[in-house]
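# Descriptive analysis of the structure
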Number of protein chains: 2
Amino acid sequence: MAARMTRQRTAVVEALDELADFRSAQQLHETLRARGESVGLATVYRALQALADASEVDVLRAEDGESLYRRCARREHHHHLVCRHCGSTVEIDGPTVEAWASKVAAAQGFDDIEHTIELWGTCADCRAASVS
Amino acid sequence: MAARMTRQRTAVVEALDELADFRSAQQLHETLRARGESVGLATVYRALQALADASEVDVLRAEDGESLYRRCARREHHHHLVCRHCGSTVEIDGPTVEAWASKVAAAQGFDDIEHTIELWGTCADCRAASVS
DNA sequence: ACGCTTGTTGAGAACGGTTGTCAAAGATCG
DNA sequence: CGATCTTTGACAACCGTTCTCAACAAGCGT
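Given the structure is predicted, the values throughout are model-derived calculations rather than measurements.

Cut-offs applied
Residues numbered from 1 in each chain as written. Chains lettered and ligands numbered in written order. Predicted model: local features only at pLDDT ≥ 70, side-chain atom pairs only at ≥ 80, totals over all residues. Heavy atoms only, no water. Helix = DSSP H or I, 4+ residues; strand = E, 2+ residues; numbered from the N terminus. Buried < 20%, exposed > 50% of the residue type's maximum accessible area, 1.4 Å probe, protein only. Areas by Shrake-Rupley, 256 points an atom, 1.4 Å probe, with all protein chains shown as cover. Lys, Arg positive; Asp, Glu negative; His and termini not counted. Charge placed at Lys NZ, Arg CZ, Asp CG, Glu CD. Pairing = 2+ DSSP bridges. Contact = heavy atoms within 4.5 Å. Buried area = accessible area lost by both parts, 1.4 Å probe. Salt bridge = Lys/Arg side-chain N within 4 Å of Asp/Glu carboxyl O. Near = heavy atom within 4 Å. Polar contact = N/O pair within 3.5 Å; in protein donor to acceptor, adjacent residues only side chain to side chain. Least-squares fit on C-alpha atoms with pLDDT ≥ 70 in both. Core = buried A, V, L, I, M, F, W, Y, C linked by side-chain atoms within 4.5 Å.

Attention now moves to the overall build of chain A. In terms of regular secondary structure, chain A is built from five helices and six strands. Traced from its N-terminal end to its C-terminal end, chain A shows the element sequence α-β-α-α-β-β-β-β-α-β-α. On the principal axes, the C-alpha backbone points of chain A span a range of 55 × 50 × 25 Å. Out of the 132 residues belonging to chain A, those deemed buried represent 39%. Accessible surface for chain A amounts to roughly 7400 Å². Of this, 49% is attributable to carbon and sulfur atoms. Across chain A, the centroid of the 15 positively charged side chains sits 5 Å from that of the 21 negatively charged ones.

In structure tokens form, the structure reads like this:
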């Protein structure tokens, strides 16, 4: 239960710190491998899972169902505007939306309310790239 | 390309019409099978996909990644408050949220904006059931 | 009603992301 | 250093979903 700090976990955390965009476990694994820091794929999954459990990273699902991970600047609850092509991300918070969500749900007699509010789009860079 | 009306497709549509909750393709397949209307699993997937493309059904992803389908009353854009245990659903629209989402995204220079806004909770019935 | 054409079906294989297995490796503590 | 006990990694297993392809059946024209 002691959460040991191993070379592999350090490598995953460092990689996440250097990347600003949402990345899949497999992309991360590839990045580490290319960098010479060889880490097993299963280990990357486990590390990300642990970090997510500890709220150290944010997780969201791409449209195809793949899980994407990112180390966000703020640890408080917030949402994202993500480029569906490159993963480029802008953190967003919407106090209005939060209030709306919990009010609506409570009014219907629901408990343990959670909400998913994510925005997807094509960022300016990817748009420029696809035009050329 | 003509979209033929087959026994199988009719069965899927009818089953969806009778069910008020979000269901997975496999649940639907099981329901049809139990009902005597034997339909292949792949066919259920294809039918649901076609219906989704035609905006005849709404699709959303459960927390475990599974796709859930539902024939909604209104065809216009809306959101859902869904019980994560039984799939029981309340349709919701939030004009305020819509405006907020597109404004925020546009302000960041993003195009082709889509948003995912879903509420998950435990409905009153399921809460009562889990207490007992 | 009868073929013909062409989209559709279904059983099973294939796929892709993720998780489980388990012996070997290594982090931590005394 | 040694004992302990978590972590690792290669690989298999899983599970939802999609693909394959020969058999089948809608719908159309006659």
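This part takes up the pairing of strand 2 (residues 58-61) of chain A. For strand 2 of chain A and strand 3 (residues 67-70) of chain A, the ladder comprises four bridges, and the chain directions are antiparallel. Its bridge partner being in strand 3 of chain A, D58 of chain A is matched across the sheet by R70 of chain A.

Below, the discussion takes up the interface of chain B and chain A. Listed per partner, the contact involves 36 residues of chain B and 36 residues of chain A. The junction of chain B with chain A conceals about 2900 Å² of combined surface from both sides, 61% of it contributed by carbon and sulfur atoms. Of all residues in chain B, W100, F110 and L119 of chain B give up the largest surface area on contact with chain A, accounting jointly for 22% of the area buried on that side. The interface formed by chain B and chain A includes four salt bridges.

What follows deals with the protein's contact with DNA strand D. Near DNA strand D there are 22 residues, and of these T6, Q8 and R46 of chain A together with Y45 and S67 of chain B occur at the shortest range. By atom count, sugar and phosphate contribute 67% of the portion of DNA strand D lying within 4 Å of the protein. Between DNA strand D and T6 of chain A there is a distance of 2.7 Å, counted from a phosphate oxygen to a side-chain nitrogen or oxygen. When contributions to the surface near DNA strand D are tallied by element, the ones reaching two or more residues are helix 1 (7-18) and helix 3 (41-53) of chain A together with helix 3 (41-53) of chain B. For the surface near DNA strand D, the element with the most residues is helix 3 of chain B, which contributes four residues.

Position of V104 of chain B among the secondary structure elements: in helix 4 (residues 95-107). Apart from residues lying up to four places away in sequence, V104 of chain B is in contact with L81, I92 and L119 of chain A.

Residues and elements named next belong to chain B. Taking strand neighbours across the sheet as the criterion, the three strands line up as 1-3-2 in an open arrangement whose pairing is antiparallel. Among the strands making up the open sheet, the edge pair consists of strand 1 (23-24) and strand 2 (58-61). As paired strands, strand 1 and strand 3 (residues 67-70) are joined by two bridges and run antiparallel to one another. Paired with R23 across the bridge in strand 3 is Y69.

Next up on the list: the relation of the copies chain B and chain A. The two copies are related by a screw operation: chain B maps onto chain A through 180° of rotation and 0.0 Å of translation along the axis, at an RMSD of 0.0 Å. The transformation just described matches what one would write down for a two-fold rotation axis. The C-alpha atom lying nearest the rotation axis in chain B is that of I117 of chain B; the distance is 2.2 Å. When the interface residues of chain B are mapped onto chain A, 100% of them again fall at the interface, so both copies present the same face.

Further remarks concern the nonpolar core. Residues L81, I92, W100 and L119 of chain A together with L81, W100 and L119 of chain B are the most contacted members of the largest nonpolar core, which totals 28 residues. Among the elements of the structure, strand 4 (79-83), strand 5 (89-92), helix 4 (95-107) and strand 6 (111-122) of chain A together with strand 4 (79-83), strand 5 (89-92), helix 4 and strand 6 (111-122) of chain B are those that each provide at least two residues to this core. Here L119 of chain B is in contact with A101, V104, A105, E114 and H115 of chain A together with H80, L81, V82 and I92 of chain B, once residues within four sequence places are set aside.

Enumeration according to the criterion identifies 24 salt bridges over all chains in this entry. Of the charged contacts, one joins R35 of chain A and E18 of chain A as a salt bridge, the two residues approaching to 3.3 Å between their closest N and O atoms. Of this pair, R35 of chain A sits in the loop between helix 2 (25-34) and helix 3 while E18 of chain A is found in helix 1, placing the two residues 17 residues apart along the sequence. For E18 of chain A, a relative accessible area of 55% gives the class exposed. R84 of chain B serves as the salt-bridge partner of E63 of chain B, at 3.7 Å between the closest nitrogen and oxygen. Here R84 of chain B lies in the loop between strand 4 and strand 5 and E63 of chain B lies in the loop between strand 2 and strand 3, a separation of 21 residues in the sequence. On the basis of relative accessibility, which here comes to 46%, the residue E63 of chain B falls in the partly exposed class. Look at R84 of chain B and you get partly exposed, because its relative accessible area is 26%. Within the structure, one salt-bridge network assembled from shared partners comprises D17, E56, R71 and R75 of chain A.

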